[in-house]
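If you want the building blocks of each chain, they are given just below.
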Amino acid sequence: MTQVQREGGGMRAPHRRDISARQDLLGKELRQLFDDYTHEDMPDELMKLAAQLQGAFEGGTPAATPDADASKPVADDAADTPPVPETR
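Residues numbered from 1 in each chain as written. Predicted model: local features only at pLDDT ≥ 70, side-chain atom pairs only at ≥ 80, totals over all residues. Heavy atoms only, no water.

(A) Representation of the overall build of the protein chain in the model. Looking only at helices and strands, the protein chain has three helices and zero strands in total. Along its sequence from the N terminus, the protein chain presents helices and strands in the succession α-α-α. By residue count, 2% of the 88 residues in the protein chain fall in the buried class. Accessible surface, the protein chain as shown: approximately 9000 Å² in total, 57% of it carbon and sulfur. (Helix = DSSP H or I, 4+ residues; strand = E, 2+ residues; numbered from the N terminus. Buried < 20%, exposed > 50% of the residue type's maximum accessible area, 1.4 Å probe, protein only. Areas by Shrake-Rupley, 256 points an atom, 1.4 Å probe, with all protein chains shown as cover.)

Here is the structure:
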C-alpha cells in the first residue's frame, strides 16, 4: 500500500471470504436460472419434430420434412427404378 492509500483510506483488496460469498451467490443464481429454463414447457411443434426425429433414428427411415407433400401418391414401382440425381 502506498502512503496516499494508507492516509486516504484508499480501496482495499477484497478478502477471500468476500470473494467466496460472491461466488456462492452467483452460483446459486445461475443454478436457479438453469433450473427455471430446463423446467419450461417445450412448444408442441418442437415436441412433434423431436418425435419424428426419434422415430427416424429408431426405425431407420428418414424423417418427414415440413415441406414434403404427403398428398401426392407414391408410385408402386418406385423401388425398381434407380434414383435420379438432383440438379441445381
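This is not the end of the story, as more comes after the structure.
(B) View of a nonpolar patch on the surface. The grouping of Met42, Leu46, Met47, Leu49, Leu53 and Phe57 at the surface amounts to a nonpolar patch, some 610 Å² of accessible area in total. Taking the relative accessible area as the measure of exposure, Leu49 reaches 40% and is therefore partly exposed. (Patch = residues over 30% accessible without salt bridge, like charges linked within 9 Å, V, L, I, M, F, W, Y side chains within 5 Å. Salt bridge = Lys/Arg side-chain N within 4 Å of Asp/Glu carboxyl O.)

(C) Molecular detail of a negative patch on the surface. A cluster of acidic side chains, namely Asp35, Asp36, Glu40 and Asp41, defines a negative patch on the protein surface. In this fold, Glu40 is placed in the loop between helix H2 (16–38) and helix H3 (44–59). (Lys, Arg positive; Asp, Glu negative; His and termini not counted. Charge placed at Lys NZ, Arg CZ, Asp CG, Glu CD.)

(D) Layout of the confidence of the model for the protein chain. Confidence along the protein chain averages 76 in pLDDT terms, with 56% of residues attaining 70 or more. The least confident element of the protein chain, judged by mean pLDDT, is helix H1 (residues 3–8) at 55; the most confident is H2 at 94. (pLDDT = per-residue confidence, 0-100.)

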